[in-house]
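Structural features, examined
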Amino acid sequence: MKTELGNKRMAQGVKILIISGIPIRTDTNSGKTLQTLFSAFDKNELSQLYFSPETPNVDMCSSYYQMCEKQMIKSGFGILKNRCGGAVKHVNDSKAGYEKNALIWTKNKRSIHMRLIREIIWNLTYWKNNNLRKWLKEQKPDVIFAVMQDTNGATKAINWIAQETGCNIFLYITDDYYYDPEASKNIIRKIYFKKRQELYKKMSGKIKTLIGCSERITEHFSSVLSVKNVATVYTPSAEAYLNMPYKVYNEKNTVKIRYFGNLGLGRWQQLKKLAEAIREINFEKPKAMLEVYSSDTDPNTKTELSIENGCVYKGWVQGKDYLDLLQDADIAVHVESFDEHNICRTWGSISTKIADYLGAGKCILAIGPAEVASITHIKNVSCTVNDLSELKERLEILIDNASKRAELQNGARELAKKSHDITRISAELRKIIKT
C-alpha cells in the first residue's frame, strides 16, 4: 500500500530523502558532491538524513536529520531520547559546524576492533524512536537516494527507513564498501563483511536504480546485486571551476605543485615519494615545490610530508581560499596507492577532486596504478605515472615544459565539459529519479 501511494505521489512531484554518511557541505568532498548533484532541485523537493557529527552549511533541503554514534553514546544508547537523533538547522557560516569524530576513531576506523565497537553502539542504541518516526512522516518522501555506507549499522538503518516509508531506493555507489579491502582471513572480519553483503543483497529488492560514479563500479555492482536498471553519473564540475581562467605560466617562477584532499588509503605515502623526487630535482637550483592541503589531523602525517626543498604541509583550506589556490597552481596532483589492499578499496572510485581539477582546467599530474578507475578516467588528459621508477623523469619533463602543461589544461577542461558538466548531470539525475 505504501509503495502504491508513493507511485501516485511520484506522478505529481518527487520528494527525495537523501541518506548519506555526511551532510551537504561546501568544504568536504562528499558534501560538495551531493551539493552539485542536486543543484537543479528545489529545496522543497529534498530532505536529508545523515550519520555524522557535522552540521550542514548549505540551505538546500527542507529539513535535515542527524543521527550519529556520538549522539548514541551521549544519550546513554537512546535512553535520553531527545539526544538520540533529531532535526538540525544548517549553519550560514561556511566554517562552522565542521565537527569531526575523534582521531582515535578516524585513524583506526577500518580495524575490525573499531568496526565491532561501532556495531555494538548501533545495536545497543534505541534509534528507531519517535523522533525519527515523526520526522519521516513529516517529510513524506517518495524515494530514497542512499549513498553506500561503510558500517553495517548505517546500512541496516537505510533498509529499515525504506521499509518504514515504503520508498524505493536509488543506491549511489562512490566507493567500494561491499568487500573487505584487506581480503583478510580473519574469521571475525569475514563474518562482519558477509553480514554487510547480506544487508545490501536484502536492499537490492528495493533498489529501483543503481547509480555508479564510474562505468566500472556501475557494471560490477549491477551484476553483484542483480539490479538491471543502472546509470553512471560522474561527479559534476561546479560553475565556479568551469569559469576559472587558465593559468598563465611564468617560466621564471618556481613551479607550484599542489595537492588537495584526503591523505588516507596510502595517498600520503605517494605524496612523500613525489616530494622526494622534487627534492632531487631541486638539488642544483629550486625548480618546483609541492604544497599539501588537507584536513588530516594525524601529526605523524604532517611530519612525514614536511620535506625541506621538496614539500610543505599547509593544512586545511576551503571556500574562496581553495578556489584561489587551485587556480594559481601550475600543476594539480592526484594520487592513488599502489598497495594491493588500497587498490581493493579504490578500484572503482573517481575522486571528487578529479571533477574540480578537470573543471578548473588544470594541468594534472596523476600517480597511481593504471587499473584504478580515477587514473583510467584522466589518463588521456594528464601526465600519468603508473610506475614509480618513471616518476622523477616524467615530473622533470613536466616542470621544464610549460607548453605541455598548457596542452594538458585544454584537455582537462574539454573532458570536464564532456563528462562532468554540472547543468547536464543535475538534469540527468532529475530524469533518472523521475522516470
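Note: the structure precedes this text.
Residues numbered from 1 in each chain as written. Predicted model: local features only at pLDDT ≥ 70, side-chain atom pairs only at ≥ 80, totals over all residues. Heavy atoms only, no water.

This part is about the pattern of salt bridges. Oppositely charged side chains can pair when the atoms bearing their charge come close. Per the stated rule, a full pass over the model turns up 24 salt bridges. Between Lys247 and Asp330 there is a salt bridge, and its shortest N-O distance comes to 2.8 Å. Placement of the pair is Lys247 in the loop between α10 (239–242) and β9 (255–260) and Asp330 in the loop between α13 (319–328) and β12 (331–335), with a sequence separation of 83 residues. When its relative accessible area of 13% is taken as the criterion, Lys247 is described as buried. It is possible to trace a salt-bridge network through shared partners that takes in Lys247, Lys256, Arg258, Glu291, Asp328 and Asp330. (Salt bridge = Lys/Arg side-chain N within 4 Å of Asp/Glu carboxyl O. Helix = DSSP H or I, 4+ residues; strand = E, 2+ residues; numbered from the N terminus. Buried < 20%, exposed > 50% of the residue type's maximum accessible area, 1.4 Å probe, protein only.)

Here we take up the packing of aromatic side chains. One pass over the structure, following the stated rule, counts 16 aromatic pairs. Note on Phe51 and Trp122: the rings are 5.7 Å apart at their centroids and 70° apart in plane angle, and the pair reads as edge-to-face. On the criterion of sequence distance, the pair formed by Phe51 in the loop between β2 (46–50) and β3 (64–66) and Trp122 in helix α5 (residues 112–124) is long-range, its members being 71 residues apart. On the basis of an interplanar angle of 15° and a centroid distance of 5.1 Å, the ring pair of Phe260 and Tyr293 is categorised as stacked. (Phe/Tyr/Trp six-rings, centres within 6.5 Å; stacked < 30°, edge-to-face > 60°.)

Before going further, it helps to spend a moment on a nonpolar patch on the surface. Taken together, the side chains of Ile73, Phe77, Ile120 and Leu124 present a nonpolar region at the surface, about 370 Å² in accessible area. Mapped onto the fold, Leu124 is located in helix α5. When its relative accessible area of 54% is taken as the criterion, Leu124 is described as exposed. (Patch = residues over 30% accessible without salt bridge, like charges linked within 9 Å, V, L, I, M, F, W, Y side chains within 5 Å. Areas by Shrake-Rupley, 256 points an atom, 1.4 Å probe, with all protein chains shown as cover.)

Further remarks concern the sheet that holds strand β6 (residues 168–173). Across the sheet, which stays open at both edges, the eight strands sit in the order β4-β3-β2-β1-β5-β6-β7-β8 with mixed pairing between neighbours. Across the chains shown, the open sheet's two edge strands, defined by having one partner strand only, are β4 (86–88) and β8 (230–232). Geometrically, the sheet is characterised by an average inter-axis angle of 25° between neighbouring strands, direction not taken into account. When strand β1 (residues 16–20) meets β2, the two strands line up parallel, connected through five bridges. Following the sheet pairing, Leu17 is matched in β2 by Ser47. (Pairing = 2+ DSSP bridges. Axes fitted to C-alpha atoms, helices over the stretch in contact; angles between N-to-C directions.)

Turning our attention to the side chain of Ser222. Structurally, the position occupied by Ser222 is in helix α9 (residues 215–224). Of the residues examined, Ser222 reaches a relative accessible area of 18% and is grouped as buried. Reaching out from Ser222, the side chain makes a polar contact with the backbone oxygen of Val227 at a distance of 2.7 Å. The contact partners of Ser222, leaving out residues within four places of it in the chain, are Leu210, Val227 and Val230. (Polar contact = N/O pair within 3.5 Å; in protein donor to acceptor, adjacent residues only side chain to side chain. Contact = heavy atoms within 4.5 Å.)

Next up on the list: the pairing of strand β10 (residues 288–293). Of all six residues making up β10, five are buried, and the element is well covered by its neighbours. Pairing geometry for β9 and β10, over six bridges, is parallel. In the sheet register, Val255 faces β10, and the bridge partner there is Ala288. The parallel pair β9 and β10 is bridged by helix α11 (residues 267–281), and the resulting crossover is right-handed. Taken together, β10, helix α12 (residues 299–304) and strand β11 (residues 311–315) form a β-α-β motif whose crossover is right-handed. (Right-handed = clockwise from strand over helix to strand, strands pointing away.)

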